[in-house]
Amino acid sequence: MREAVIVEAVRTPIGRRKGALANVHPVDLSAHVLNSLLERTGLSPEDVDDVVWGCVTQLGDQSGNVGRFALLSAGWPESIPGVTINRACGSSHQAIEFAAMGVMSGRYDLAVAGGVESMTRVPLGATRAVGEPYGPGMNSRYNNVGFEQGPGAEMMAKRWGLSREQLDEYSLASHAKAAAGVDSGAFDRQLVPVPAAPDLLSDEGIRRNSSMEALANLSPAFGDDGLVTAGNASQISDGAAGVIVTTPEHAAKLGLKPIVRLHSGVVAGDDPTLVLSAPIPATAKLLSRSGIRLEDIGVYEVNEAFAAVPLAWLAETGADPAKLNPLGGAIAVGHPLGASGAILMTRMINYMRDNGVRYGLQTICEAGGTANASIVELLA
């Protein structure tokens, strides 16, 4: 079977809800990423076999086939197809996996994968206002528990014995690491500023002046005795990201140098009432299939949907905390749902290239109690 490699990866700066990207349509935001990928590589649209695009809340401005509409907005030929997929928060992670599968099988020679979410223009949970998503069978099986991520994060914290102080300490560190990444220029190469928001040059949500005292003053979001607050949860955000996936041979033919090889990938399920715990079994499954030991991996990107998620993952896996989310994560920079998987991949492979890290592991929790997990190997 053929190998799949990533030859380029870019992302927009992430905007806060009602912030700098609020007036940019998600189709146009996606189009900017698509054209930026071509500009970076010197490719033409005709080199692309398909656009595989993640988007979660497919309603209103995101109600159509965003992947297809984005390439048309970008001015690409009508002959190029595009598809939009939804695996909740892992949608663009799954888009990268689907693109890799297409390349490895021979169905594609080159595909663009990524995703977008404008949580300002299409609010979180908007689709539930027009229907009941679970149905009587699922509700009956789980005693109408609700399957909500916030209560799931509370259950995660209690199950793994995490304190409010631990959650807040982790969150404060996420902001500090993200700010240090901005200051060091760690994100410069991967960012493609949006012309419609010329002043947004870095991720908008980073709080440089936060403190444990400020975080401690925040009220629990899910019950008076809860541990989860707005300060130790991911931020509601707007953004887009994308990568180019091809084979090593096709990359050479096009004059492109691969950055990483997509070594291994899995998807796994876990308890849907916890919602957020599936990165743990997904990681175990991934390590078993890849043959790579956790200690041989130089960086872990575990999406910071809530601080409880990476902390529970650390406790369960025994991973080295120093290798976890070295440039911060969604608590600091935001979590534009459909884009987050591709944002994580873009951040991780650039970190690997900048620091000579051979293997990187990425995993992301998803509504419904599933998770994607992938290992990539540095080639650049």
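Coordinates for the structure precede this section.
This structure is a prediction, so every number in the text was calculated from the model and none was measured.

Asks: If you had to explain the pairing of strand E8 (residues 299–302) to someone new, which residues and values would you point to?
Replies: Of the two faces of E8, the one lined by Val299 and Glu301 and the one lined by Tyr300 and Val302 are each fully buried. The pairing of E8 with strand E9 (residues 359–366) spans four bridges and is classified as parallel. Counterpart to glutamate 301 in the pairing with E9 is glutamine 362.

Asks: How would you sum up the packing of helix H5 (residues 149–159) against helix H10 (residues 308–317)? Please name residues and give values.
Replies: Remark: H5 packs on H10, axes separated minimally by 9 Å, with the N-to-C direction vectors making an angle of 30°. Our pair here, H5 against H10, has a crossing hand that is left-handed. Along the contact surface, H5 presents Ala153, Met156 and Ala157, while H10 presents Ala308, Val309 and Ala312. Looking at the contact of H5 with H10, its residues break down into six nonpolar, no polar and no charged.

Asks: Which residues make up unusual backbone geometry, and what values go with them?
Replies: Here the phi dihedral of asparagine 143 falls at roughly 55°; this positive angle occurs in a residue that is not glycine. The topology assignment puts asparagine 143 in the loop between helix H4 (135–141) and H5. Of the residues examined, asparagine 143 reaches a relative accessible area of 66% and is grouped as exposed.

Asks: Requested: an account of empty space enclosed by the protein, with residues and values cited.
Replies: Counted under the stated rule, the structure contains one cavity of 30 Å³ or more. Roughly 60 Å³ of volume is contained in the largest cavity. Around the largest cavity sit Ile14, Asn303, Gly329, Ala330, Val333, Gly334, Ser340, Ile343, Leu344 and Arg347, which together line it. Of all the elements in the fold, those that place two or more residues in the lining of the largest cavity are helix H11 (330–333) and helix H12 (340–355). Of all the elements, H12 adds the most residues to the lining of the largest cavity, at four residues.

Asks: So, the side chain of serine 237: which residues are in play, and what are the values?
Replies: Structurally, serine 237 is set in strand E6 (residues 237–246). Assessed through its relative accessible area of 1%, serine 237 is described here as buried. Reaching out from serine 237, the side chain makes a polar contact with the backbone oxygen of glutamine 235 at a distance of 3.0 Å. With residues near it in sequence (within four places) discarded, serine 237 still touches Ile14, Gly15, Arg17, Glu117, Ser118, Met119, Val333, Gly334, His335 and Pro336.

Asks: If you had to explain the layout of surface pockets to someone new, which residues and values would you point to?
Replies: Each pocket or cavity is described by its volume, and for the largest pocket that value is around 1200 Å³. In terms of residue count, the dominant contributor to the lining of the largest pocket is H5 (three residues). Among the residues forming the lining of the largest pocket, the class breakdown is 21 nonpolar, 13 polar and seven charged.

Asks: Got a sec to walk through the packing of aromatic side chains? Specific residues and values, please.
Replies: Counted by the stated rule, this structure contains three aromatic pairs. Ring centres 4.7 Å apart and planes at 55° place the aromatic pair tyrosine 134 and phenylalanine 147 in the tilted group. Taken as a pair, tyrosine 134 in the loop between strand E5 (110–118) and H4 and phenylalanine 147 in the loop between H4 and H5 lie far apart in primary sequence, 13 residues in all. Given a relative accessible area of 6%, phenylalanine 147 falls into the buried group. An aromatic cluster of three or more residues is present, and its members are Tyr134, Tyr142 and Phe147. Over the aromatic face of phenylalanine 187 sits the side chain of arginine 11, whose NZ or CZ is 5.3 Å from the ring centroid.

Conventions we followed
Residues numbered from 1 in each chain as written. Predicted model: local features only at pLDDT ≥ 70, side-chain atom pairs only at ≥ 80, totals over all residues. Heavy atoms only, no water. Buried < 20%, exposed > 50% of the residue type's maximum accessible area, 1.4 Å probe, protein only. Helix = DSSP H or I, 4+ residues; strand = E, 2+ residues; numbered from the N terminus. Pairing = 2+ DSSP bridges. Axes fitted to C-alpha atoms, helices over the stretch in contact; angles between N-to-C directions. Left-handed = near helix turned anticlockwise from the far one by under 90°. Contact = heavy atoms within 4.5 Å. Nonpolar A, V, L, I, M, F, W, Y, C, P; charged D, E, K, R; others polar. 1 Å grid on protein atoms, 1.4 Å probe; cavity = no way out; pocket = protein on both sides within 12 Å on 5 of 7 lines; lining within 4 Å. Points joined across faces, edges and corners; volume = space filled by probe spheres on them. Polar contact = N/O pair within 3.5 Å; in protein donor to acceptor, adjacent residues only side chain to side chain. Phe/Tyr/Trp six-rings, centres within 6.5 Å; stacked < 30°, edge-to-face > 60°. Lys NZ or Arg CZ within 6 Å of the ring centre and 35° of its normal.

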